[in-house]
Amino acid sequence: MLVDSHCHLAYEDFQADLPGVLSRAEAAGVGRFVIIGTEVASSRRASEMAAADSRLFAAAGIHPNDCEGFVDWGALEALARQPRVVALGETGLDWFRTTASREAQREAFARTMDLAKAAGKPVVIHCREAYDDTLDMMAAARPAAVMHCFAGDEKQAKRALDLGFYISFAGPVTYKKNDALRQIASWVPRDRILVETDAPFLPPEPHRGKKNEPAFARLTAECVAKCAKMPYEEFARQEAENAHRLFGFPLP
Ligand SMILES: [Zn+2]
């Protein structure tokens, strides 16, 4: 069984056909799901969904692109205490988009890492064109963490691993031009790898251009397993074990 360590099942996109989405995922061998919040509403919804279904877990956070002017920290603090909320995030730094100032992003990121440490839970990191700055802040704060949809270079991957973080691969690792990322997937220690869809975004090959869903995590996992030279079933077992270790939720 594989864990989809990062999907946005709390988004409107999935509400009409959630049972279908989950049964297609289970048919593909994907059996546990971490639903990631990007503001208070989706974080709350993720937490409620997780409370109602033993296959689902939640992360609560404010996305770096949405953090300008964010003030509702009390709501995130309350969510951080919920037992089915297994992580804080997604949070981090995004120097590619400019919907929130760098100052606002740094402040929200630091505050979220503090919340996570107080709750004894890991953080889910969004990072775009900001790896060095993100890792600098994480090196200072030292949370438990996963680098979601990793897209950095070899040096940044090594630094993240040295700091004890997990590296999560998403659909882009299957894209033809991404040899450098597959190269990284070939040497990341097996006990630090996670796989995710980031659904509804970033579908793996051959579904590019369509809506992504957790069943497709299998395609990304098959690609990473091949890079790691591991039989698929062994890779999936290891990945689920890693998710269990980081997020602290039980496996079936
Ligand atoms: Zn995401």
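1. Quick word on the coordination of the zinc ion
Binding of the zinc ion to the protein goes through His6 (NE2), His8 (NE2), Glu90 (OE) and Asp198 (OD), at separations of 2.2 to 2.3 Å. Bound by four donor atoms, the zinc ion shows angles of 85 to 175° at the metal and therefore irregular coordination geometry. One chain supplies every donor to the zinc ion, and in sequence these donors are spaced H-x1-H-x81-E-x107-D. Taken together, the residues span a long stretch of sequence, with Glu90 in strand E4 (residues 85-94) and Asp198 in the loop between strand E8 (193-195) and helix H8 (217-227) at a distance of 108 residues. The same class applies to Glu90 as to Asp198, namely buried.

2. Side note on the nonpolar core
Ranked by internal contacts, the top residues of the largest apolar core, which has 79 residues, are Leu2, Leu9, Met138, Met147, Phe169 and Phe235. Residues contacting Leu2, with those up to four places away along its chain left out, are Gly29, Val30, Gly31, Arg32, Val195, Ala217, Arg218, Ala221, Tyr232, Phe235, Ala236 and Glu239. Among the nonpolar cores identified, the runner-up in size contains 16 residues, and Val3, Ala59, Val146 and Tyr166 belong to it.

3. A few points about the packing of helix H5 (residues 131-141) against helix H6 (residues 154-162)
Interaxial distance between H5 and H6 falls to 11 Å at its minimum, and their mutual angle equals 10°. Between H5 and H6, the crossing angle belongs to the class labelled roughly parallel. Within the contact between the two elements, H5 uses Tyr131, Asp132, Leu135, Asp136 and Ala139 and H6 uses Gln156, Arg159 and Ala160.

4. What about the state of the cysteines?
This structure, assessed with the given rule, holds zero disulfides. With no disulfide of its own, Cys127 lies closest to Cys149 among cysteine sulfurs, the gap being 10 Å. Accessibility expressed as a relative area gives 9% for Cys127, which makes it buried. Of all cysteine sulfurs, the one in Cys223 lies closest to Cys227, which takes part in no disulfide; the gap is 4.5 Å.

5. Some words on the pairing of strand E3 (residues 56-60)
Most of E3 sits inside the fold, with five of its five residues counted as buried. Residues Leu56, Ala58 and Ala60 of E3 are buried on one face, and the alternating residues Phe57 and Ala59, pointing to the opposite face, are buried as well. Here four bridges tie strand E2 (residues 30-36) to E3, and the two strands are oriented parallel to one another. By the bridge assignment for E3, Ile35 is matched with Ala58. Note that the unit made of E2, helix H2 (residues 40-52) and E3 has a crossover that is right-handed. Relative to E4, E3 runs parallel, the two sharing three bridges.

6. Digging into the environment of Ala119
Within the fold, Ala119 resides in helix H4 (residues 102-119). Note: C-alpha distance between Ala119 and Ala217 (98 residues apart in sequence) is 29 Å.

7. Examining the pattern of salt bridges
A complete count under the given rule lists 12 salt bridges for this structure. Each of the salt bridges in this network shares a partner with another, and the network as a whole consists of Asp17, Arg24 and Glu213.

8. Quick word on the sheet that holds E4
Here we have eight strands laid out as an open sheet, ordered E1-E2-E3-E4-E5-E6-E7-E8, and parallel in their pairing. This sheet does not close on itself; its edge strands, each paired only once, are strand E1 (2-7) and E8. Each adjacent strand pair in this sheet contributes to an overall mean axis angle of 30°, direction not counted.

About the criteria used
Residues numbered from 1 in each chain as written. Predicted model: local features only at pLDDT ≥ 70, side-chain atom pairs only at ≥ 80, totals over all residues. Heavy atoms only, no water. Donors = N, O, S within 2.8 Å, 3.2 Å for Na, K, Ca; no water. Tetrahedral: all angles 85-135°; square planar, octahedral: opposite > 155°, others 65-115°. Helix = DSSP H or I, 4+ residues; strand = E, 2+ residues; numbered from the N terminus. Buried < 20%, exposed > 50% of the residue type's maximum accessible area, 1.4 Å probe, protein only. Core = buried A, V, L, I, M, F, W, Y, C linked by side-chain atoms within 4.5 Å. Contact = heavy atoms within 4.5 Å. Axes fitted to C-alpha atoms, helices over the stretch in contact; angles between N-to-C directions. Parallel < 35°, antiparallel > 145°, perpendicular 65-115°, else oblique. Disulfide = S-S within 2.5 Å. Pairing = 2+ DSSP bridges. Right-handed = clockwise from strand over helix to strand, strands pointing away. Salt bridge = Lys/Arg side-chain N within 4 Å of Asp/Glu carboxyl O.

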